[in-house]
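If you want the building blocks of each chain, they are given just below.
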Amino acid sequence: MPSQLWPYITPGIPDDLFERLPGIPLSKREIRLLLISQLRLQPNSLVWDIGAGTGTIPVEIGLLCPKAQIIAVERDDEVASLIRRNCDRFNVKNVEVVEASAPECLPNLPQAPHRVCIEGGRPIKDILKAVWQYLPLQGRVVTTAGNLESLYAISQGLAELHARNIDVVQSSVNRLEQKGNQQIFAAVDPIFILSGEKLD
Ligand SMILES: C[S@@+](CC[C@H](N)C(=O)[O-])C[C@H]1O[C@@H](n2cnc3c(N)ncnc32)[C@H](O)[C@@H]1O
């Protein structure tokens, strides 16, 4: 592991330490922290990350829970390779990258995930409903919405699925940035983080 990446073994890895590909989104550090907190991980959790993108969530979970099994699902093959490289970069060994599209691939994944993070796939409500079929009792889903349409679709989906302990948090984060000769606070795009559990 390059020395600059050590000792990032706690959640909240700075965004610029991940390898990026142009145009491929990344959950910003502060949003990631909220998302990971909402996952309420356990040491041996089986976690599905649907639409894993740059791989920031699998890397963070892999470092936090080295005994967990993390399945990173990504439909784009170049992006899937990026996830593998980011896992190598942080020496994360417990992530399996599945190059496939959800929800079609769900029957072929290791079954009965304790935790599912959904950050990709449209329509999002259909992905949520498909994932729910594979969730065991006590299982928990965390998903994000960056716009009103997704927020509405996910809330409606959670309600229709009779999800319990529904939790919705909206981020409000400002970062200090240099602009010309001034330091200003720039807003990070607000994101809704929605969670729900399957209890019956
Ligand atoms: C917002 S990005 C995820 C960013 C990620 N959380 C991170 O911080 O690195 C969403 C990703 O989902 C992938 N995706 C979209 N629809 C998908 C689907 N149906 N199945 C699998 N991956 C999908 C996209 O290719 C994209 O890379």
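In this text, all values refer to a predicted model and were calculated from it rather than measured experimentally. (Residues numbered from 1 in each chain as written. Predicted model: local features only at pLDDT ≥ 70, side-chain atom pairs only at ≥ 80, totals over all residues.)

Here's the deal with the pairing of strand β2 (residues 69-74)
A large share of β2 lies buried, amounting to five of its six residues. Here five bridges tie strand β1 (residues 46-50) to β2, and the two strands are oriented parallel to one another. Paired with Ile50 across the bridge in β2 is Val73. What joins β1 to β2 is helix α2 (residues 56-64), and the crossover it makes is right-handed. Two strands pair when backbone bridges link them, and β2 and strand β3 (residues 95-99) are joined in this way by five bridges, in the parallel orientation. Note on β3: the bridge partner recorded for Glu74 is Glu99. Each parallel crossover has a hand, and for β2 linked through helix α3 (residues 77-89) to β3 it is right-handed. (Buried ≥ 20, exposed ≤ 12 C-beta atoms within 10 Å, placed from the backbone. Helix = DSSP H or I, 4+ residues; strand = E, 2+ residues; numbered from the N terminus. Pairing = 2+ DSSP bridges. Right-handed = clockwise from strand over helix to strand, strands pointing away.)

Quick look at the nonpolar core
The biggest cluster of nonpolar side chains holds 46 residues, and the ones touching the most others in it are Ile50, Ala72, Cys117 and Val131. Apart from the residues lying within four places of it in its own chain, the contact partners of Val131 are Ile50, Leu106, Val116, Ile118 and Val141. (Core = buried A, V, L, I, M, F, W, Y, C linked by C-beta atoms within 7 Å. Contact = placed C-beta atoms within 7 Å.)

What to know about unusual backbone geometry
Cis rather than trans, the peptide bond between Ala102 and Pro103 has omega equal to 10°. Along the polypeptide, Pro103 turns up in the loop between β3 and β4 (115-118). For the bond running from Arg122 to Pro123, omega is -10°, close enough to zero to count as cis. Within the fold, Pro123 resides in the loop between β4 and α4 (124-134). Positive phi outside glycine occurs at Arg40, with the angle close to 45°. Residue position: Arg40 is located in the loop between α1 (29-39) and β1. Although it is not a glycine, His162 sits at a positive phi angle of roughly 55°. Assignment of secondary structure puts His162 in the loop between α5 (148-160) and β6 (164-170).

Comments concerning α5
In this model α5 runs 18 Å from its N-terminal to its C-terminal C-alpha over 13 residues, within 8% of the 18 Å that 1.5 Å per residue would give. Here α5 has its buried residues at Ala153, Ile154, Gly157 and Leu158. Relative to the axis of α5, the buried residues are bounded by an arc of 130° and lie together on one face. Residues of α5 that are exposed and point over 90 degrees away from its buried face: Leu148, Glu149, Tyr152, Gln156, Ala159 and Glu160. Here the buried face of α5 lies against α4, β5 (140-145), β6 and β9 (192-197). Downstream of α5 by one or two residues, His162 has phi in the positive range, about 55°. (Expected span 1.5 Å × (residues − 1). Arc of directions from axis to C-beta.)

Examining the environment of Val168
Inspection of the secondary structure puts Val168 in strand β6. For Val168, a count of 15 C-beta atoms within 10 Å puts it in the partly exposed group. Residues Val168 and Thr143, spaced 25 residues apart in sequence, show a C-alpha to C-alpha distance of 9.7 Å. The contacts of Val168, once residues within four sequence positions are left out, are Phe192 and Leu194.

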